[in-house]
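Given next are the chains, with one letter for each unit.
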Amino acid sequence: MRILVVEDQKKVGGFIKKGLGEQGYAVDLAETGSAGEVLAGESEYDLVILDIMLPDQNGFDTARHLRKDGYGGPILMLSALSGTRDKVNGLDSGADDYLTKPFELDELSARVRALLRRHQKGVESVLRYADLEMNLLTREVKRGGTVLQLTAKEFSLLEYFLRSPDRPLSRTSISEHVWDVHFDSSSNVIDVYVNMLRKKVDQPFTAKLIHTVIGVGYVLRKE
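Residues numbered from 1 in each chain as written. Predicted model: local features only at pLDDT ≥ 70, side-chain atom pairs only at ≥ 80, totals over all residues. Heavy atoms only, no water.

Peer 1: Go over the packing of aromatic side chains, please, and point to the residues and values.
Peer 2: Considering all chains together, one arrives at two aromatic pairs under this definition. Arranged with centres 6.3 Å apart and planes meeting at 45°, the rings of F15 and F103 form a pair that is tilted. Of this pair, F15 sits in helix α1 (residues 10–21) while F103 sits in the loop between β5 (97–100) and α5 (105–119), placing them 88 residues apart in sequence. Residue F15 is classed as partly exposed on the basis of its relative accessible area, which comes to 38%. Take F103: its relative accessible area is 13%, and that puts it in the buried class. Ring centres 5.6 Å apart and planes at 70° place the aromatic pair W179 and Y193 in the edge-to-face group. Linking W179 in the loop between α7 (171–178) and α8 (189–201) with Y193 in helix α8, this pair joins segments that are 14 residues apart in sequence. On the accessibility criterion, Y193 (23% relative accessible area) is partly exposed. The ring of F155 has R139 sitting right over it, with the charged end atom 3.9 Å from the ring centre. K222 extends its terminal NZ or CZ atom over the ring of Y129, reaching a point 5.7 Å from the ring centre. (Phe/Tyr/Trp six-rings, centres within 6.5 Å; stacked < 30°, edge-to-face > 60°. Helix = DSSP H or I, 4+ residues; strand = E, 2+ residues; numbered from the N terminus. Buried < 20%, exposed > 50% of the residue type's maximum accessible area, 1.4 Å probe, protein only. Lys NZ or Arg CZ within 6 Å of the ring centre and 35° of its normal.)

Peer 1: Give me the confidence of the model for the chain: which residues, what numbers.
Peer 2: Per-residue confidence for the chain averages 89 on the pLDDT scale, and 96% of its residues sit at or above 70. Here helix α4 (residues 84–92) stands out as the least confident element of the chain, with mean pLDDT 82; strand β11 (residues 210–213) is the most confident, with 96. (pLDDT = per-residue confidence, 0-100.)

Peer 1: Give me the lowdown on the packing of helix α6 (residues 152–163) against α8, citing residues and values where you can.
Peer 2: The geometry of α6 relative to α8 is characterised by a closest axis approach of 10 Å and an angle of 85° between their N-to-C directions. Classed by the angle they form, the pair α6 and α8 counts as roughly perpendicular. Only Y193, V194, M196, L197, K200 and V201 of α8 make contact with α6, whose side of the interface consists of K153, E154, L157, L158 and F161. In terms of residue class, the contact of α6 with α8 is made up of eight nonpolar, no polar and three charged. (Axes fitted to C-alpha atoms, helices over the stretch in contact; angles between N-to-C directions. Parallel < 35°, antiparallel > 145°, perpendicular 65-115°, else oblique. Contact = heavy atoms within 4.5 Å. Nonpolar A, V, L, I, M, F, W, Y, C, P; charged D, E, K, R; others polar.)

Peer 1: Go over α1 with me, naming the residues and quoting the values.
Peer 2: With twelve residues, α1 extends 16 Å from end C-alpha to end C-alpha; this agrees with the ideal 16 Å at 1.5 Å per step. Within α1, the full set of buried residues consists of V12, G13, I16, G19 and L20. For α1, the angular spread of buried residues about the axis comes to 140°, placing them on one side. Counted as exposed and oriented over 90 degrees from the buried face of α1: K10, K11 and K18. Taken together, the buried residues of α1 touch β1 (2–6), β2 (26–30), β3 (47–51), β4 (75–79) and α5. (Expected span 1.5 Å × (residues − 1). Arc of directions from axis to C-beta.)

Peer 1: Before we move on, can you summarise the environment of R111 with the specific residues and values?
Peer 2: Tracing the backbone through its elements, the reader meets R111 in helix α5. R111 sits in the partly exposed class, given a relative accessible area of 23%. A C-alpha to C-alpha distance of 30 Å links R111 and D184, two positions 73 residues apart in sequence. Setting aside chain neighbours within four positions, we find R111 in contact with L76, D97, Y98 and L99.

Here it is as structure tokens:
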């Protein structure tokens, strides 16, 4: 899952990026509304976290611009303004939820998960394919009843595979959904992580699920 955070306060932005990054999300930061709009136009984001008080334009206008430009994902608005009118303005401008500063990371994470679940209609909190099972709430992964110990990035990579089973995924597509905007596309990081994931998901089991598609990338499919 890839998230765009539009926040001009470096300390707050860094806190969000670090906290969500440790949970496996790929997080891009923008310090102005216009910079956020540019990133949203260049990349595909599953969720946008948007501060209201920005140096170039307020978050209400940024949210309207994002919606006008076709962004259909959830928007979580952040602000030190806690009045009812401010919340109403935020929701009316296109936001899906409103969180008042200061906030705890646990609450932010819970709201992110809730918005992602709500946006992905019909998607359950447990993803399954063959004998592989991933619980998005408890972040537990099992194969054939055996619990797999994954790092945050391995979890995020496997989640992307599970959301697109039987569909070949290019390295570009994987980088756009699992890594942030600073990812070096010329590196072999994706191949390294796929191999690490295979050692945990496939190596101990007879049937292999993660396969290489020559000239394309990788695919999650039954043999």
